[in-house]
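Descriptive analysis of the structure
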Amino acid sequence: MEKIMIRGGKALYGDVNISGMKNSALPVIFGTIVANDICTIKNLPDVSDIALALETLETIGAEVRFIDTSTAIIDTRKVKMKSPPLEYVSKMRGSTYLIGAMLGRFGKAQVGYPGGCDFGLRPINQHIKGFELLGARVTYTSNAMINADAPNGLCGNFVYFDIASVGATINVMLAAVFAEGTTIIENAAREPHIVDTACFLNACGANITGAGTSMIRIKGVKSLHGCTYELAPDMIEAGTYMVAAAATGGRVSVRNIVPKHMDAVIAKLNEIGIPLEIGDDFITVNGAESFRATEIKTNPYPGFPTDMHPQFSALLSLAKGVSKVSEGIFSTRFKYAAELNKMGANIEVIDSTAIINGVDMLKGASVKATDLRAGACLVIAGLAANGVTTISNIEYIDRGYENLIEKLKRLGADIKRI
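Here's a quick rundown of the structure. (Residues numbered from 1 in each chain as written. Predicted model: local features only at pLDDT ≥ 70, side-chain atom pairs only at ≥ 80, totals over all residues. Heavy atoms only, no water.)

**Quick notes on the environment of Ile415**
For clarity, the cut-off: A helix here means a DSSP run of H or I that spans at least four residues, while a strand means a run of E at least two residues long, and both kinds are numbered starting from the N terminus. By the convention used here, residues are in contact when the closest approach between their heavy atoms is within 4.5 Å.
One can find Ile415 in strand 23 (residues 414-417). Taking the C-alpha atoms as reference points, Ile415 and Gly387, separated by 28 residues in sequence, lie 12 Å from one another. Those residues in contact with Ile415 that lie beyond four places of it in its chain are Ile4, Met5, Ile6, Ile405, Leu408 and Lys409.

**So, unusual backbone geometry**
Defined as follows: When a residue's accessible area, from a 1.4 Å probe over protein chains only, is under 20% of the maximum for its type it is buried; when over 50% it is exposed; and in between it is partly exposed.
A cis amide bond links Tyr301 to the next residue, Pro302, at an omega of 10°. Counting through the fold element by element, Pro302 comes out in the loop between strand 17 (295-297) and helix 10 (309-316). One non-glycine residue, Asp351, adopts positive backbone phi at about 55°. With respect to the helices and strands, the residue Asp351 is situated in the loop between strand 19 (346-350) and strand 20 (353-357). At Asn393, a position not held by glycine, the phi torsion is positive, near 60°. Within the secondary structure, Asn393 sits in the loop between strand 22 (388-392) and helix 13 (395-398). Owing to a relative accessible area of 22%, Asn393 belongs among the partly exposed residues under this scheme.

**A few points about the sheet that holds strand 3 (residues 38-42)**
Going by this rule: Strand pairing is defined by DSSP finding a minimum of two bridges between the two strands. For every element, the axis is a line fit to its C-alpha atoms; helices are fit only across the contacting stretch, and the angle between N-to-C directions ranges from 0 to 180 degrees.
Strand order in the open sheet formed by four strands is 4-5-3-13, with mixed pairing between adjacent strands. Edge positions in the sheet fall to strand 4 (63-68) and strand 13 (228-230), since each of these pairs with one other strand and no more. Pairwise comparison of adjacent strand axes, ignoring direction, gives a mean angle of 20° for this sheet. Pairing analysis gives five bridges linking strand 4 to strand 5 (residues 71-75), with the strands arranged antiparallel. Following the sheet pairing, Phe66 is matched in strand 5 by Ala72. The sheet contacts of helix 7 (residues 192-203) involve strand 3 and strand 13, and relative to strand 13 the element is tilted by about 165°.

**What about the packing of aromatic side chains?**
Formally: Note on aromatic contacts: the rings of Phe and Tyr and the six-membered ring of Trp form a pair at centre separations within 6.5 Å, being stacked when their planes are under 30 degrees apart, edge-to-face when over 60 apart, and tilted otherwise. Cation placement over rings: the criterion is NZ of Lys or CZ of Arg within 6 Å of the ring centroid and within 35° of the ring normal.
Within this structure, the stated rule accounts for three aromatic pairs. Centre to centre, the rings of Phe200 and Tyr229 are 5.9 Å apart; their planes meet at 70°, and the pair counts as edge-to-face. Pair noted here: Phe200 is in helix 7 and Tyr229 is in strand 13, with a separation of 29 residues, a long-range link. Residue classification places Tyr229 among the buried residues on the basis of a relative accessible area of 12%. When the ring centre of Phe282 is taken as origin, the NZ or CZ atom of Arg255, which lies over that ring, is 4.8 Å away.

**Some points on helix 1 (residues 22-35)**
Stated formally: A helix is expected to span 1.5 Å multiplied by its residue count minus one.
The end-to-end C-alpha separation of helix 1 is 20 Å, in line with the 20 Å expected for 14 residues at 1.5 Å each. Of all 14 residues in helix 1, 13 are buried, a share of seventy percent or more. Positive backbone phi, approximately 55°, marks Asn36, located one or two places after helix 1.

**Examining the environment of Gly220**
As for its position among the elements, Gly220 is in the loop between strand 12 (215-219) and strand 13. Sequence-wise, Gly220 and Ala175 are 45 residues apart; in three dimensions their C-alpha atoms are separated by 9.8 Å. If we skip the residues at most four places from it in the chain, Gly220 touches Ala176, Val177, Phe178, Ala179 and Gly181.

**Quick look at the sheet that holds strand 12**
By definition, the strands of a sheet pair up through backbone hydrogen bonds, in either a parallel or an antiparallel sense. Strand order across the open sheet formed by four strands is 9-10-12-11, with mixed pairing between neighbours. Two strands bound the open sheet, and with one partner strand each, they are strand 9 (158-160) and strand 11 (207-209). Adjacent strand axes in the sheet meet at a mean angle of 15°, parallel and antiparallel pairs treated alike. Of the strand pairs in this sheet, strand 9 and strand 10 (residues 182-186) are connected by three bridges, and their pairing is parallel. The residue of strand 10 that forms the bridge with Tyr160 is Glu186. Against the sheet, helix 6 (residues 166-176) contacts strand 10, strand 11 and strand 12, and its axis sits at roughly 175° relative to strand 10.

**Topic: the side chain of Thr183**
Residue position: Thr183 is located in strand 10. Residue classification places Thr183 among the buried positions, given a relative accessible area of 0%. Once residues lying within four places of it in the same chain are set aside, the contact partners of Thr183 are Leu134, Gly156, Asn157, Val159, Val172, Ala176, Ile216, Arg217 and Ile218.

**Here's the deal with the pattern of salt bridges**
What counts here: Here, a salt bridge means any side-chain nitrogen of Lys or Arg that lies within 4 Å of a carboxyl oxygen of Asp or Glu.
Throughout the structure, instances matching the rule amount to 16 salt bridges. Linking Asp49 and Lys22 is a salt bridge whose minimum nitrogen-to-oxygen distance equals 3.3 Å. With Asp49 in helix 2 (residues 48-59) and Lys22 in helix 1, the pair connects residues that are 27 residues apart, well separated along the chain. Like Lys22, Asp49 is buried. Residues joined by salt bridges that share partners form a network here, namely Glu2, Asp398 and Arg417.

By themselves, these observations are geometric and do not establish any function.
Here it is in structure tokens:
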């Protein structure tokens, strides 16, 4: 079993280039199905979830060729309407996008139930609601398969989501690109990866407006075509390095980013007393000798992102005073707290809130990642801690961070895979 070993206590210094957004890459990769042509996707992050998504496409007939590590040519003209292997789709949450993409192109889909990080029950009822409003019938089989079928074709409709679901918003966009008439999504999620997906589909000839707002309109078209598209940078990767710089008291510039995507992270770092310099496509974090406690509640974009919650908990473990981090999306996302406490943190979880009493220092320990962002949280804690930290279950980390160890080494971290 591979682990990450960190000798902590070293401040991070230098520049780090941010990779493409994993949360955009997954729907865009599966969105090439509806394009039914050749697409060149640039700025793909080299992470295990993306490799798995591309392998999944190949199992249903797509041809994938890499020009370099971040650029892939995807030909979906020979994709067949068949179920991808369950052992593939059950390992990633983003496999749900196969349902919308297959339904949009073929009028039917059969996809295994998705996997991904374990945050307790993660229903797809809003996805199903959207498909049904477009005219599909959705059923489940005993072997963990989801079947969607629209024998009379899909028709545009008004789709109101009870919650602003990122996955459901993207899935309805994928399914509705060929639906007859106009589909209006109300209470749509607003995250940057929704905008990225809509921009990709529009580059292929779709007619989608309003992405990034709470109301999206999709006018059905007759066909799409291939395109060349470059993914937006990953705001969660950027935020992770920003928090790592703050936790170690270093100075790090995160580059190739969209600072506007980072507004909530910027606001909280400013609030606790971390100096920042913001440019057109970079943010520089200047670590402070001490910083204040704060309160955070995660919410859908543009609120504070749930995917930055664990990393900030690691940082706030070293703040002066008592912090509260409340989870407004995944209420069970606190498994990391027990691992941080092994390193000397003082965290108590009550319902969906972590009460964090700041300590003077963290100490190295043997800990395990319980999900992707929890793994990033432990890396940050290990970088800031005195002594040696070993992190197991690092396959979670590999799912979402490209060349994490190499990038941290270039910033001066003493870190390696063992």
